[in-house]
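What follows is each chain in one-letter form.
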Amino acid sequence: MIKLDGEPVNGVRLKEVFGCFPSGVTAVSALIDGEPVGMAASSFTAVSLDPPLVSVCMQVTSQTWRKLRSQHRLGVSVLSQAQGHACRSLASPEGDRFDGVAWDVTADGAVLIEGATAWLNCGIHTVVPAGDHAIVLLRVHELLGNVSVEPLVFHRSRFRALVSVQGTA
């Protein structure tokens, strides 16, 4: 029988337990006043096929999110296994987050990170308040994936590589 410890839930314990679940890492970015603005986000999830929706959670105090939320289009890049540096740079609290990060921009202002495993050009569909975060539902307008490139995986505060498990298809 699993017996939970009954200890109070706090941010430190939540981060530790949430770290038991691996996630991919995305970059959410747009061109604002001629400059790329973006951030790393590991809370990306596919939501719906019809309409095509994905979600990402943004900390409501994030200055970067405040800039991005008013944009017509946002680029979501699913970072590849080789893009640990790009992830660290995009997650940096200060400095030029795009220093050393190759990127491109769509005609409607979505910034996409070169070398990623997938790219989505999205518009904000709905923003749902959720405590200290906002759940942002994004409608996918265009997309491209490169299934031959492995994604970057974040688990227990480290980047990891995927491995195939014997006996699976």
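Look up a bit, the structure's there.
Here is a short report on the structure shown in this document.

1. Brief notes about the overall build of the protein chain
Helix and strand counts for the protein chain stand at 3 helices and 12 strands. The globule rule puts the C-alpha radius of gyration for 169 residues at 15 Å, and the 17 Å found for the protein chain is close to it. Summarising its shape, the C-alpha atoms of the protein chain cover approximately 55 × 40 × 40 Å along the three principal directions. Out of the 169 residues in the protein chain, the part that is buried amounts to 37%. Counting contacts in the protein chain only where the partners sit at least 6 residues apart, residues at least 24 apart contribute 63% of the total. When the accessible surface of the protein chain is split by element, carbon and sulfur atoms take 57% of a total near 10,600 Å². A gap of 9 Å separates the mean positions of the 13 positive and 15 negative side-chain charges of the protein chain.

2. Some points on the environment of Lys3
With respect to the helices and strands, Lys3 occurs in the segment before α1 (11–18). Between the alpha carbons of Lys3 and Lys15 there is a distance of 20 Å; along the sequence they are 12 residues apart.

3. Quick notes on the pairing of strand β2 (residues 26–32)
Of all 7 residues making up β2, 6 are buried, and the element is well covered by its neighbours. Note: β2 against strand β3 (residues 35–41), 7 bridges, orientation antiparallel. Counterpart to Ala30 in the pairing with β3 is Val37. Connecting β2 to the antiparallel partner β3 that follows it, the hairpin turn spans 2 residues, and Asp33 within it adopts a positive phi of roughly 55 degrees.

4. Observations regarding helix α3 (residues 84–91)
Along α3, the residues classified as buried are Gly84, Ala86, Cys87, Ser89 and Leu90. Those residues of α3 that are buried are in contact with β2, β3, β8 (111–113) and β12 (158–160).

5. Focus: the sheet that holds β3
One open sheet holds the 7 strands; their spatial order is β3-β2-β6-β9-β10-β5-β4, and the pairing between them is antiparallel. Here the strands that pair on one side only, and so sit at the sheet edges, are β3 and β4 (45–48). Neighbour-to-neighbour, the strand axes of the sheet open up by a mean angle of 40 degrees, direction not taken into account. With 12 bridges joining them, strand β9 (residues 118–130) and strand β10 (residues 133–145) adopt antiparallel strand pairing.

6. Some words on the environment of Leu143
Position of Leu143 among the secondary structure elements: in strand β10. For Leu143, a relative accessible area of 65% gives the class exposed. Measuring from C-alpha to C-alpha, the distance between Leu143 and Asn121 comes to 6.2 Å, with 22 residues separating the pair along the chain. Among residues more than four places away in sequence, those in contact with Leu143 are Trp119 and Leu120.

7. Here we look at the nonpolar core
One finds Val28, Leu68 and Leu138 to be the most contacted residues of the largest nonpolar core, which totals 21 residues. Elements with a minimum of two residues in this core: β2, β3, β5 (53–59), α2 (63–68), β6 (74–78), β9 and β10. Looking at this core, the element that brings in the most residues is β10, giving 4 residues. Every residue in contact with Leu68, bar those within four places of it in the chain, is listed here: Val28, Ser29, Ala30, Ile32, Val37, Gly38, Met39, Leu74 and Ile124. Judged by nonpolar contacts, the second largest core, of 11 residues, contains Ala27, Leu79, Phe98 and Val101.

8. Observations concerning the pattern of salt bridges
Scanning the model with the defined rule gives 2 salt bridges in all. Among the ionic pairs, Asp5 bridges to Arg13, the shortest N-O distance being 2.5 Å. Judged by relative accessible area, Asp5 falls into the partly exposed class, the value being 49%. Between Asp108 and Arg73 there is a salt bridge; the shortest N-O distance is 3.1 Å. On the criterion of sequence distance, the pair formed by Asp108 in the loop between β7 (103–105) and β8 and Arg73 in the loop between α2 and β6 is long-range, its members being 35 residues apart. By relative accessible area, which is 31% here, Asp108 ends up partly exposed.

Here is what the cut-offs are and how they apply
- Residues numbered from 1 in each chain as written.
- Predicted model: local features only at pLDDT ≥ 70, side-chain atom pairs only at ≥ 80, totals over all residues.
- Heavy atoms only, no water.
- Helix = DSSP H or I, 4+ residues; strand = E, 2+ residues; numbered from the N terminus.
- Rg over C-alpha atoms; globule rule 2.2 N^0.38 Å.
- Buried < 20%, exposed > 50% of the residue type's maximum accessible area, 1.4 Å probe, protein only.
- Contact = heavy atoms within 4.5 Å.
- Areas by Shrake-Rupley, 256 points an atom, 1.4 Å probe, with all protein chains shown as cover.
- Lys, Arg positive; Asp, Glu negative; His and termini not counted.
- Charge placed at Lys NZ, Arg CZ, Asp CG, Glu CD.
- Pairing = 2+ DSSP bridges.
- Axes fitted to C-alpha atoms, helices over the stretch in contact; angles between N-to-C directions.
- Core = buried A, V, L, I, M, F, W, Y, C linked by side-chain atoms within 4.5 Å.
- Salt bridge = Lys/Arg side-chain N within 4 Å of Asp/Glu carboxyl O.

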